[in-house]
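Single-letter residue listing:
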Amino acid sequence: LGPLKRECDILAYEADDDIRTFIEHELEREGRLYGIRSIEARVDVLVEKAQGRFIWIAAVIGFIDEGEGNLEVVEALLRSKTYPEAEKSLDTVYETVIRRAAGQSEMGKGIVKAILAIVLSTSKTEPLGPRELHAFLPPSLPIPFERFHTILKRLSPIFIITEASVTVFHTSVLDFLAHL
């Protein structure tokens, strides 16, 4: 059994090369970042900011892919200082996604707040789909489904949205929402 055994220290694993490969794949023709020159020039910064965390880079790339104007926000994140704590860095990404989804209007903020609360409360039982989430909005937030769905899609960097369910893309999102 001796020759088949190999010791591996998972805490010593450096994920930077794998994260770089992931980013480069997303920059290719079929990738979500294809043609974004400012990202092509900042691969090293993205790898450094990720600090070995795939979840961080996945959220950032999802945020860029989600819509226009988000690239400027990511550029600001890249210019910010690197946080030594992984949780703080992820919180910054999640908070940015949520603020951008809500927009400036009180209605948008109320809808996003309701979505977050409903997803948080149903995450451990049976997740709801977009139409069910819309049905659970309080009467004080009357909004057509199409407008609601547009706001919901802006949360796609932190949610997995299908016709049948809206779930978080990682459990760290639930931890973040629970502490809001």
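Residues numbered from 1 in each chain as written. Predicted model: local features only at pLDDT ≥ 70, side-chain atom pairs only at ≥ 80, totals over all residues. Heavy atoms only, no water.

Chemist: A description of the packing of aromatic side chains should follow, citing residues and the corresponding values.
Modeler: Where two aromatic rings form a pair, the distance of their centres and the angle of their planes describe that pair. Counting across every chain of the model gives three aromatic pairs. Residues phenylalanine 22 and phenylalanine 54 carry aromatic rings whose centres are separated by 6.0 Å and whose planes lie at 70° to one another, so their mutual orientation is edge-to-face. Taken together, the residues span a long stretch of sequence, with phenylalanine 22 in helix H1 (residues 16–27) and phenylalanine 54 in helix H4 (residues 54–66) at a distance of 32 residues. Across from the ring centre of phenylalanine 145, 3.9 Å away, lies the NZ or CZ of arginine 131, which sits over that ring. (Phe/Tyr/Trp six-rings, centres within 6.5 Å; stacked < 30°, edge-to-face > 60°. Helix = DSSP H or I, 4+ residues; strand = E, 2+ residues; numbered from the N terminus. Lys NZ or Arg CZ within 6 Å of the ring centre and 35° of its normal.)

Chemist: So what's going on with the packing of helix H7 (residues 106–122) against helix H9 (residues 145–154)? Residues and values would help.
Modeler: Interhelical geometry of H7 versus H9 gives an angle of 65° and a closest axis separation of 11 Å. Classified by the angle their axes make, H7 and H9 are roughly perpendicular. The chirality of how H7 crosses H9 is right-handed. Of the residues in H9, those touching H7 at Gly108, Ile111, Val112 and Ile115 are Phe148, Ile151 and Leu152. (Axes fitted to C-alpha atoms, helices over the stretch in contact; angles between N-to-C directions. Parallel < 35°, antiparallel > 145°, perpendicular 65-115°, else oblique. Left-handed = near helix turned anticlockwise from the far one by under 90°. Contact = heavy atoms within 4.5 Å.)

Chemist: I'd like a description of unusual backbone geometry, backed by residues and values.
Modeler: Despite not being glycine, glutamine 51 has its phi angle at roughly 50°, a positive value. Judged by relative accessible area, which is 30%, glutamine 51 ranks as partly exposed. (Buried < 20%, exposed > 50% of the residue type's maximum accessible area, 1.4 Å probe, protein only.)

Chemist: So what's going on with the environment of alanine 135? Which residues, and what values?
Modeler: Structurally, the position occupied by alanine 135 is in helix H8 (residues 130–135). Note on alanine 135: relative accessible area 62%, which makes it exposed. With ten residues separating them in the primary sequence, alanine 135 and phenylalanine 145 have C-alpha atoms 9.0 Å apart.

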